[in-house]
Amino acid sequence: MSCWIRKNIGDSRENFLLLGQDEWNLRAQVELLANWLRDNDGNLEAADSWIADIGFNARIDATGGGPIISTEMMSLCLRNNVEIYLSEYGLANDVE
């Protein structure tokens, strides 16, 4: 999967930008999103609300831990009216 940036328009959503085409690693996607938020801080249409939908799958060898959603990233989301959705999918082999 990857991280879709979607724009809420009334009762519907519009795909705006795809970050990390075919990237399934949660840590990599959080870093991509954090960088995108920094680069676009203040440039998103203020009247709209936004969704960053991170589609990921669990690491087979995971034993804990994961990416940090920093206070800087949370502040950027609040300032730019961006919500983060975490969409977990099955193992990479299960997803086509």
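Remember, it's a predicted structure, so these values are computed and weren't measured experimentally. (Residues numbered from 1 in each chain as written. Predicted model: local features only at pLDDT ≥ 70, side-chain atom pairs only at ≥ 80, totals over all residues. Heavy atoms only, no water.)

**Brief notes about unusual backbone geometry**
Excluding glycine, a negative phi dihedral is what most residues carry, and trans is how most peptide bonds are arranged. Here the phi dihedral of Asp22 falls at roughly 60°; this positive angle occurs in a residue that is not glycine. Structurally, Asp22 is set in the loop between strand E2 (12-19) and helix H1 (26-40). Given the relative accessible area of 59%, Asp22 is considered exposed. Backbone geometry places Asn81, a non-glycine residue, at a positive phi of 60°. Within the element layout of this structure, Asn81 appears in the loop between helix H2 (71-80) and strand E4 (82-89). Asn81 sits in the partly exposed class, given a relative accessible area of 40%. (Helix = DSSP H or I, 4+ residues; strand = E, 2+ residues; numbered from the N terminus. Buried < 20%, exposed > 50% of the residue type's maximum accessible area, 1.4 Å probe, protein only.)

**Some thoughts on the environment of Ala62**
Among the structural elements, Ala62 can be located in the loop between strand E3 (49-57) and H2. The exposure class assigned to Ala62 is partly exposed, which follows from its relative accessible area of 39%. Considering only alpha carbons, one finds Ala62 and Trp50, twelve residues apart in sequence, at a separation of 30 Å.

**Topic: the sheet that holds E3**
By way of backbone hydrogen bonds, the strands of a sheet pair with one another, either parallel or antiparallel. Spatial strand order, E2-E1-E3-E4: four strands in an open sheet with mixed pairing. The open sheet terminates on both sides in strands that have one partner only, identified here as E2 and E4. Each adjacent strand pair in this sheet contributes to an overall mean axis angle of 25°, direction not counted. Both E3 and E4 contribute to a ladder of eight bridges, which runs parallel. Its bridge partner being in E4, Ile54 is matched across the sheet by Leu86. Strands strand E1 (3-9), E2, E3 and E4 of the sheet are contacted by H1, whose axis makes an angle of about 160° with E3. (Pairing = 2+ DSSP bridges. Axes fitted to C-alpha atoms, helices over the stretch in contact; angles between N-to-C directions. Contact = heavy atoms within 4.5 Å.)

**Some thoughts on the pattern of salt bridges**
For the structure on display, the rule yields five salt bridges. Notably, a salt bridge pairs Lys7 with Glu45, separated by 3.0 Å at the nearest N-O pair. Taken together, the residues span a long stretch of sequence, with Lys7 in strand E1 and Glu45 in the loop between H1 and E3 at a distance of 38 residues. On the basis of relative accessible area, Glu45 is assigned to the partly exposed category, the value being 45%. Taken together, the shared-partner salt bridges connect Lys7, Glu45 and Asp48 into one network. (Salt bridge = Lys/Arg side-chain N within 4 Å of Asp/Glu carboxyl O.)

**Some details on the nonpolar core**
One finds Cys3, Ile5, Leu33, Trp36, Leu37 and Val82 to be the most contacted residues of the largest nonpolar core, which totals 17 residues. If you list the elements that add at least two residues to this core, you get E1, H1, E3 and H2. At five residues, H1 tops the list of elements feeding residues into this core. Discounting chain neighbours no more than four positions away, the residues touching Leu37 are Met73, Leu76, Cys77 and Val82. (Core = buried A, V, L, I, M, F, W, Y, C linked by side-chain atoms within 4.5 Å.)

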